[in-house]
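Summary of the model geometry
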Amino acid sequence: MTAAAKFIVVEGLEGAGKSSAIALIKQYLQQSGRQVVCTREPGGTPLAESLRTLVKQVQTSEVVAPQTELLLMYAARMQLLCNVIKPALAQGKWVLADRHDMSSRAYQGGGRQLDEAFIDQLRTAVLGDLRPDLTLYLDIDPAIGLERARQRGELDRIEQEQLAFFQRTRQKYLQIAATEPNIVVIDAGQTLEQVQQSITAALHKALG
Ligand code: Z5A
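Residues numbered from 1 in each chain as written. Predicted model: local features only at pLDDT ≥ 70, side-chain atom pairs only at ≥ 80, totals over all residues. Heavy atoms only, no water.

Assigned secondary structure in the protein consists of 8 helices and 5 strands. From first element to last, N terminus to C terminus, the protein shows the α and β order β-α-β-α-α-β-α-α-β-α-α-β-α. In terms of C-alpha radius of gyration, the protein reaches 16 Å, essentially the compact-globule figure of 17 Å for 208 residues. Projected onto its principal axes, the C-alpha positions of the protein cover 50 × 35 × 30 Å. Across the 208 residues in the protein, those meeting the buried criterion constitute 47%. Counting contacts in the protein only where the partners sit at least 6 residues apart, residues at least 24 apart contribute 81% of the total. Accessible area of the protein: about 10,200 Å², with a carbon and sulfur share of 50%. Distance from the positive charge centre (23 side chains) to the negative charge centre (23 side chains) of the protein: 4 Å. (Helix = DSSP H or I, 4+ residues; strand = E, 2+ residues; numbered from the N terminus. Rg over C-alpha atoms; globule rule 2.2 N^0.38 Å. Buried < 20%, exposed > 50% of the residue type's maximum accessible area, 1.4 Å probe, protein only. Contact = heavy atoms within 4.5 Å. Areas by Shrake-Rupley, 256 points an atom, 1.4 Å probe, with all protein chains shown as cover. Lys, Arg positive; Asp, Glu negative; His and termini not counted. Charge placed at Lys NZ, Arg CZ, Asp CG, Glu CD.)

In structure tokens:
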């Protein structure tokens, strides 16, 4: 990675406003002449997009084991890291990610209550020492976020989970944000305009 290239991640529950945040951050970065590569997880390469479809589709014939779900997330992540994220950073391009590893820790670790040691082993194997330079976590009450998602149409397999699942996921997100560096919590329950102001302020502070 060249000295200037940074890896920025946007995280949050469904309906938190990640898509709008990504558009704003991309514009912010490009205005100052940075080349930006946007990614989404799971997905972002042909194979990873196929895994995304598999992991999100409602399964009527079998139960998806939480461990399988986790492994599919990390398989997609490995593909994206090798083919998109690492090459982009190596070329001095900024990477702006719609979800990354924090999602697995929150959804599969918090929501599904999978063993942290199991997740940590995968993190080490897949990520090595790569960590985002900045993560913006958009914090939303799951009831509000899910309502926003519901208004968009049919819910996928994970979105169909009970509210308690998303409450555990949110708690894990907040727990990670409180204990690890380079994570900024944005109150995503504000108006869109206020959220955008908070994001811009966080970018100014973190990037100068
Ligand atoms: N997942 C996982 O379990 N483990 C992992 O490791 C990874 C992912 C990487 C990905 O689905 C699913 O995979 C996700 C987590 C899981 N599943 N669930 N459940 P996705 O990428 O398709 O879903 P998403 O990331 O949750 O996308 P989303 O629902 O589109 O969320 P969003 O991008 O944050 O929301 P948005 O499209 O920006 O906004 C939603 C609506 O709200 C839209 O109409 C906006 O206009 C509106 N909005 C946004 N902000 C506001 C404010 N401030 N006020 C009012 N209205 C607003």
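There is more to say after this.
A full pass over the atoms with the stated rule returns 15 salt bridges. Across the pair Arg 112 and Glu 161 runs a salt bridge whose closest N-O atoms are separated by 2.9 Å. Note that Arg 112 is positioned in the loop between α4 (101-111) and α5 (116-127) and Glu 161 in the loop between α6 (142-151) and α7 (163-179), a separation of 49 residues in sequence. Judged by its relative accessible area of 18%, Arg 112 falls in the buried class. Judged by its relative accessible area of 29%, Glu 161 falls in the partly exposed class. One network of salt bridges, with partners in common, ties together Glu 41, Arg 77, Asp 101 and Arg 123. (Salt bridge = Lys/Arg side-chain N within 4 Å of Asp/Glu carboxyl O.)

One can find His 100 in the loop between β3 (94-98) and α4. Sequence-distant contacts of His 100, that is, excluding residues within four places in its chain, are made with Phe 7, Val 9, Glu 11, Glu 41, Arg 77, Leu 81, Leu 127 and Pro 132.

Most of strand β1 (residues 7-12) sits out of view: 6 of its 6 residues are buried. Across 4 bridges, the pairing between β1 and β3 is parallel. The partner of Val 9 across the bridge, within β3, is Ala 97. As paired strands, β1 and strand β4 (residues 134-139) are joined by 5 bridges and run parallel to one another. Residue pairing across strands places Gly 12 opposite Leu 138, the latter belonging to β4. (Pairing = 2+ DSSP bridges.)

In this section: the UniProt feature "binding site: ATP" (unreviewed entry) in the protein. Taken from the UniProt record, the annotation "binding site: ATP" (unreviewed entry) applies to Gly 12, Leu 13, Glu 14, Gly 15, Ala 16, Gly 17, Lys 18 and Ser 19. Setting aside residues no more than four positions away along its own chain, Leu 13 makes contact with Lys 18, Arg 99, Tyr 107, Leu 138, Ile 140, Pro 142, Phe 166, Thr 169, Arg 170 and Tyr 173. One can find Gly 17 in the loop between β1 and α1 (18-31). We classify Gly 17 as partly exposed; its relative accessible area is 24%. Those residues within four positions of Gly 17 in sequence are excluded, and the remaining contacts are Leu 138 and Arg 148. (UniProt positions renumbered as here; feature names shortened; annotations may be inferred.)

What follows deals with the site of the ligand. Lining the immediate environment of the ligand, one finds 29 residues, of which Glu 14, Lys 18, Lys 56, Ser 104 and Arg 152 sit closest. In the environment of the ligand, an oxygen atom lies 3.3 Å from a nitrogen or oxygen atom belonging to the backbone of Ala 16. Here an oxygen atom of the ligand sits 2.9 Å away from a polar atom, N or O, in the side chain of Gln 108. Protein coverage of the free-state accessible area of the ligand, which is 1,100 Å², stands at 83%. (Near = heavy atom within 4 Å. Polar contact = N/O pair within 3.5 Å; in protein donor to acceptor, adjacent residues only side chain to side chain.)

Our focus in this paragraph is the side chain of Asp 156. Note that Asp 156 resides in the loop between α6 and α7. Among the polar contacts listed, one links the side chain of Asp 156 to the backbone nitrogen of Ile 158, at a separation of 3.0 Å. For Asp 156, the contacting residues outside a window of four places in its chain are Lys 56 and Val 58.

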